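# Observations on chain architecture
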Amino acid sequence: MKIETRNLTKNYMLPHNQEVKVLKGINVSINSGEKIALTGPSGAGKSTLIHILGLMDKPTSGKVLIDGEDITNFSATKLAKMRKENIGFMFQFHYLLADFNVLENVLMPVWENKKEKTKDALNLLDIMGLTNRINHMPSELSGGEQQRVALARALINNPKVLFADEPTGNLDRETGKVIETLMFEMCGEKNMTLVLVTHSPELAEKADRSINIMDGTIK
Ligand SMILES: Nc1ncnc2c1ncn2[C@@H]1O[C@H](COP(=O)(O)OP(=O)(O)OP(=O)(O)O)[C@@H](O)[C@H]1O
Ligand SMILES: [Mg+2]
């Protein structure tokens with residue numbers, strides 16, 4: 001799946017008609033299977049950009065093209081379907097559902113097929129080293145374990161693209177490394193595209209290339 005943007009902008013409206021210009025004309029082209037590190041200072045617009053690339057938010061102007069097709073004006077239903085079939089997301093905070101156990105959380109994106117998908121979920125949890133934690137509730141896990149569950153959940157629909165927004169930002173270095181390595185391995189094996197927001201130069205070095213965003217434009 002190829003993802004491109006054409007002159008993408010995003011403005012937020014604040015009270016009293018004040019406007020914040022966050023993205024100021026972004027042109028990117030991300031090829032299928034590429035591992036991209038998205039870097040830049042705090043407030044530069046990294047999260048805003050991956051939310052748009054991941055079809056979770058709409059730009060103010062400009063276009064997003066998926067395999068050459070302009071999807072900017074697709075309906076919410078069509079975008080949701082596209083997202084579900086193609087995209088996995090991992091955030092800085094895990095957003096696991098507190099009332100569901102580990103296995104159920106991994107199955108959440110495919111809940112309507114949870115019976116058929118249980119084997120895949122158990123397999124992913126095994127790769128994540130969590131076989132002995134499948135019945136735990138999120139509050140009964142360490143931070144690193146929670147993020148590994150979130151990674152398994154992001155991968156359960158076999159996405160073509162994994163977006164990760166500082167997924168190891170809240171973890172100690174060692175734990176972060178384990179998860180980063182898993183992420184790169186999984187993406188490499190499945191030829192999955194990875195777009196990773198990171199402040200870590202080490203992590204950016206593992207990627208095929210970096211996109212550096214500063215003050216809403218690519219530098
Ligand atoms: N809903 C919103 N309303 C108004 N301004 C917003 C909104 N969301 C983000 N912003 C502003 O847009 C700018 C970019 O935010 P964004 O979250 O994309 O930055 P970032 O590069 O991900 O930063 P960080 O590294 O701190 O996560 C920030 O200045 C932020 O205050
Ligand atoms: Mg951010």
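Check the entry above for the structure.
Note that the structure is a prediction, hence the values are computed from the model and not measured. Each chain has its residues counted from 1, running along the sequence as written. For this description, chains carry letters from A and ligands carry numbers from 1, given in the order in which they are written. Reporting in this predicted model follows two pLDDT cut-offs: at least 70 for local features of residues, and 80 or more for side-chain atom pairs to be given and counted; totals over whole chains, interfaces and linings ignore these cut-offs and use all residues. With hydrogens and water excluded, all non-hydrogen atoms of the structure serve as input to the side-chain values.

### Overview of the side chain of Lys46
Secondary structure elements follow DSSP: runs of H or I of four or more residues count as helices, runs of E of two or more count as strands, with numbering from the N terminus. Looking at where Lys46 falls in the secondary structure, it is placed in helix H1 (residues 46–53). For the buried Lys46, no salt bridge is present, and the opposite-charge side chain at shortest range is Glu166, 5.0 Å distant. What qualifies as a polar contact is a pair of N or O atoms within 3.5 Å, subject to a donor-acceptor requirement within protein and to the restriction that residues adjacent in sequence count only when both atoms come from side chains. At 3.0 Å, the side chain of Lys46 forms a polar contact with the backbone oxygen of Pro41. Working rule for contacts: check all heavy atoms of both residues, and any pair within 4.5 Å makes them a contact. With residues up to four places along the chain from it excluded, the contact list for Lys46 reads Leu38, Thr39, Gly40, Pro41, Val197, His199 and Ile213. In this scheme, a residue with accessible area under 20% of its type's maximum is buried, one over 50% is exposed, and one in between is partly exposed, where area comes from a 1.4 Å probe on protein chains only. All tallies of charge rest on Lys and Arg as positive and Asp and Glu as negative; His and the ends of each chain are not included. Should a side-chain nitrogen of Lys or Arg be within 4 Å of a carboxyl oxygen of Asp or Glu, the pair is scored as a salt bridge.

### Considerations on the packing of aromatic side chains
Classification of ring pairs uses Phe, Tyr and Trp, with its six-membered ring standing for Trp, and accepts pairs whose centres are within 6.5 Å; under 30 degrees between planes counts as stacked, over 60 as edge-to-face, and the remaining range as tilted. Under the defined criterion, the tally for this structure stands at 4 aromatic pairs. Look at Phe89 and Phe91: their rings are 5.1 Å apart centre to centre, the planes differ by 10°, and that puts the pair in the stacked class. Residue Phe89 is classed as buried on the basis of its relative accessible area of 11%. Residue class for Phe91 comes out partly exposed when judged on its relative accessible area of 21%. When the ring of Phe91 is compared with that of Tyr95, the centres are 5.5 Å apart and the planes differ by 80°; the resulting orientation is edge-to-face. A relative accessible area of 54% places Tyr95 in the exposed class. Grouped by ring-pair contacts, the aromatic residues Phe89, Phe91, Tyr95 and Phe163 constitute a single cluster. Ring-over charges, as used throughout, are those where CZ of Arg or NZ of Lys falls within 6 Å of the ring centre and within 35 degrees of the ring normal. Sitting above the plane of the Phe74 ring, Lys78 keeps its charged end 4.1 Å from the centroid.

### Observations regarding the pattern of salt bridges
Applying the stated criterion across every chain yields a total of 11 salt bridges. Among the salt bridges present, the one from Glu34 reaches Arg209, with a minimum N-O distance of 2.7 Å. A residue pair is termed long-range when its members are at least 10 positions apart, and Glu34 in the loop between strand E3 (29–30) and strand E4 (35–39) and Arg209 in strand E10 (residues 209–214) qualify at 175 residues. Note on Arg209: relative accessible area 30%, which makes it partly exposed. A salt bridge links Lys81 to Glu85, with the shortest nitrogen-to-oxygen separation between them at 3.3 Å. Linking Lys81 with Glu85, this pair stays in helix H2 (residues 76–86), spanning 4 residues, or about one helical turn. The class of Glu85 is partly exposed, set by a relative accessible area of 45%. Shared partners join several salt bridges into a network, and the residues in it are Arg173, Lys177 and Glu202.

### Some remarks on the sheet that holds strand E7 (residues 87–90)
The sheet built from 6 strands is open, its strands ordered E7-E8-E9-E4-E10-E11 with mixed pairing. Either end of the sheet is taken by a strand with one partner, and the two such strands are E7 and strand E11 (217–218). DSSP calls a pair of strands paired once it identifies at least 2 bridges connecting them. Here 5 bridges tie strand E8 (residues 161–165) to strand E9 (residues 193–197), and the two strands are oriented parallel to one another. The residue of E9 that forms the bridge with Ala164 is Leu196. Only the stretch in contact is used when a helix axis is fitted, and all axes are lines through C-alpha atoms; the angle between N-to-C directions ranges over 0 to 180 degrees. Along the sheet, helix H6 (residues 173–189) contacts E4, E7, E8 and E9; its crossing angle with E9, the most-contacted strand, is approximately 155°.

By themselves these figures say nothing about function.
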